[in-house]
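# Descriptive analysis of the structure
Okay, here's what each chain looks like letter by letter:
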Amino acid sequence: MDMTPISLEKTAMAAERPLELAVVLPTYNERKNIGGMVERLDKALAGIAWEVVIVDDNSPDGTADEARRLALADPRVRCIQRIGRRGLASAAIEGMCSTAAPVVAVMDADHQHDPELLPQMLAAVTSGDYDLAYASRFAEGSSTEEWGRPDRVKASGFANRLANKVTGVELSDPMSGYFMLRAELLRGDAHKLSGVGFKILLDILATVEQPLRVKELPMNFAARAEGESKLDQTVIFEFLIGLYDKWLGRIIPTRFALFGTVGAMGVVVQLGALWVMLHLVFGERFVYGNWSESTTFNVANTVAAVVAMSFNFVLNNELTYSDKRLRGFFPLLKGWAQFALTCALGLLTNVGSAYVLKTMIGLPAFVAVIAGIVLGSVWNFALSSKFVWGK
Ligand code: GDD
Ligand code: MN
C-alpha cells in the first residue's frame, strides 16, 4: 500500500491555527474521485485552516477505505463510514454536525462542483454581510457541461417558484448541492432538518428561524469525473416529498405514507387485473376450459395479486425507496422475491390479527378488518425496509 508519510507542514498547520472551515463530501461509490478532490481542495484552500469530512454510506466500491488511506497521509481528511443507512441529505447533516469548524460547506465529491469557489464563499459568510453562500447552476454567468439532462433544468422553473414561496428567499437554484454557512446557524435547528431526499439547501433555508442573507455565486456545473449519478431527475417529486416531510412527517413518517399510498394503488391494480383476467383472458361466464368457476376465480385472483404485488415492488423501488433503489437484473429479481415473501407474511399478519380482533376480542368485523390491514401494512413496511431495501 502506498503510505505517504504524514506531512509535517500539514499537521503543524492543523495544530497551530484554529480550524476555519470544514468541507463535507457525502459519498456513495466515489472511490476514484475523492483523492483528486482532496488535492483540489488543498490547492483551492491554500492559507485557510480546513478539514474535509467524507461521509460515506459504506459504499461497495470501498470509498471509505480510500478515505482512510487519504486520512493517514493527511490529517485534515476525516472519514465517517455509516453502516446500514443511505441518503445524501442525512449524510450532509451528519457531516456538518461532526465538525468543530465555525464554517461548514457541503459539495459533491464527483468533481461537478469547482472547489475554487470555496474561498469566495468563505469570504462572504465571514464578512458579516451574508449568512450563507451557495453556487447556482442557473444564475447569470452560470454554465453546465452536463448534457442529456434538459428535464432537470426545465423542471427547475416550477420547483424554484414553489421553493421561493416556502423559504421566502429568491434563489435561482434552491436545489443546488453546493453551499456554505456559519455552523452556529445550524446547531440549534439540526434536529428539525428532514434528512429525506437531497434538497438539503432548501431544507436549511426553510428550517432556520431567521431569514438568511444569501450570497449567490454563478458556477460552471462540470460533468461528473468518474462513476455515475445516484440521484434521479424527479426534482418535483423529491420536492413535494420534502414538503410533506417537513409538515406532516412527524405525524405519519414520510416513507410509511409513501408505502401506504403505493399499497392503496396496489389494491386498485389488483381489482383491475382481476377484471382483465376474468373478462379478457378467461371470458365465457368466468369459467376456463374444464375448470370449475371457483378454480377459475382463484387462479385469476392469484395472478392479479402477483401483478399488484409486482406493481407495488416497482413503485416502492422507484419512489418510496428512490434513495436506496435496487438496480440491475439480479438485485431486482432478488428484491422482488424478498418483497413477495414479505407480502406473504404481511398477509398472514393482516388476516390473523383481524381474526384475533374479531373472534377473540369481539371487535366489529369492519373495525377488525381495517385494523388487520393497518397491522399487515406496518409489518410489510417494517420487513421490507429492513430486508428488501435495507442497505
Ligand atoms: N453518503 C451518501 N449517501 N452520499 C450520496 C448518496 C447517499 O445515499 N447519494 C449520492 N451521494 C453523493 C454522491 O456520491 C456525490 O458525491 C453527491 O452525493 C451528489 O450525488 P450525484 O449522484 O453525483 O448527484 P447528481 O450529480 O445527480 O445531482 C446533483 O444535482 C442535484 C440537484 O438536481 C448534485 O449537485 C446534488 O447535490 C443536487 O442536489
Ligand atoms: Mn453528480
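None of these values were measured; they are calculated from a predicted model.

With that settled, consider the overall build of the protein chain. Scanning the protein chain for helices and strands turns up 13 helices and nine strands. Across its three principal axes, the protein chain shows a C-alpha extent of roughly 85 × 50 × 45 Å. In the protein chain, the proportion of contacts linking residues at least 24 apart, taken out of those at least 6 apart, comes to 78%.

Moving on: helix H12 (residues 329-360). Its 32 residues give H12 an end-to-end C-alpha distance of 45 Å, which sits within 8% of 46 Å, the value for a rise of 1.5 Å per residue. Every buried residue of H12 is listed here: Gly 335, Phe 339, Thr 342, Cys 343, Gly 346, Asn 350, Ala 354 and Leu 357. Looking at the buried side of H12, the elements it contacts are helix H11 (293-320) and helix H13 (365-387). Count one or two residues on from H12 and you reach Gly 362, which has phi positive near 85°.

On to the UniProt feature "domain: GtrA/DPMS transmembrane" (unreviewed entry) in the protein chain. Per the UniProt annotation, the sites labelled "domain: GtrA/DPMS transmembrane" (unreviewed entry) are residues 259-389. Structurally, residues 259-389 is divided into 82% helix and 0% strand, and its ends, taken at the C-alpha atoms, are 12 Å apart.

Among the nonpolar cores identified, the biggest contains 64 residues, and Val 23, Val 24, Ala 105, Phe 179 and Met 180 are the most heavily contacted of them. With sequence-adjacent residues up to four places away left out, Val 24 is seen in contact with Val 53, Val 55, Ala 92, Gly 95, Met 96, Val 104, Ala 105 and Val 106. Within the second largest apolar cluster, 13 residues are counted, among which are Val 269, Ala 273, Met 309 and Phe 313.

This brings us to the packing of H12 against H13. The angle between the axes and the distance between the axes are what describe a pair of packed helices. Close contact between H12 and H13 brings their axes to 7 Å; oriented N to C, the two are set at 150°. On the basis of the axis angle, H12 is roughly antiparallel to H13. Here the hand of the crossing between H12 and H13 comes out right-handed. Its residues assigned to classes, the contact of H12 with H13 shows 16 nonpolar, 11 polar and one charged.

A few words now on the environment of Asn 220. As for its position among the elements, Asn 220 is in strand S9 (residues 220-221). Overall, the presence of 16 C-beta atoms within 10 Å leaves Asn 220 in the partly exposed class. Between the C-alpha atom of Asn 220 and that of Phe 256, which follows or precedes it by 36 residues, the distance is 38 Å. Setting aside anything within four residues of it in sequence, one finds Asn 220 in contact with Asp 114, Ser 142, Ser 143 and Glu 145.

This part is about helix H10 (residues 254-282). The terminal C-alpha atoms of H10 lie 40 Å apart, and with 29 residues this matches the ideal 42 Å at 1.5 Å per residue to within 8%. Buried residues of H10: Thr 254, Arg 255, Leu 258, Phe 259, Val 262, Gly 263, Gly 266, Val 269, Gln 270, Ala 273 and Met 277, and no others.

With respect to topology, seven strands assemble into an open sheet ordered S3-S2-S1-S4-S7-S5-S8, the strand pairing being mixed. For this open sheet the edge positions go to strand S3 (77-81) and strand S8 (214-218), each flanked by a neighbour on one side alone. Pairs of neighbouring strands in the sheet enclose a mean axial angle of 20°, with direction left out of account. The pairing of strand S1 (residues 21-27) with strand S2 (residues 50-56) spans seven bridges and is classified as parallel. Within S2, the position partnered with Val 23 by the bridge is Val 52.

Conventions adopted
Residues numbered from 1 in each chain as written. Chains lettered and ligands numbered in written order. Predicted model: local features only at pLDDT ≥ 70, side-chain atom pairs only at ≥ 80, totals over all residues. Helix = DSSP H or I, 4+ residues; strand = E, 2+ residues; numbered from the N terminus. Contact = placed C-beta atoms within 7 Å. Expected span 1.5 Å × (residues − 1). Buried ≥ 20, exposed ≤ 12 C-beta atoms within 10 Å, placed from the backbone. UniProt positions renumbered as here; feature names shortened; annotations may be inferred. Core = buried A, V, L, I, M, F, W, Y, C linked by C-beta atoms within 7 Å. Axes fitted to C-alpha atoms, helices over the stretch in contact; angles between N-to-C directions. Parallel < 35°, antiparallel > 145°, perpendicular 65-115°, else oblique. Left-handed = near helix turned anticlockwise from the far one by under 90°. Nonpolar A, V, L, I, M, F, W, Y, C, P; charged D, E, K, R; others polar. Pairing = 2+ DSSP bridges.

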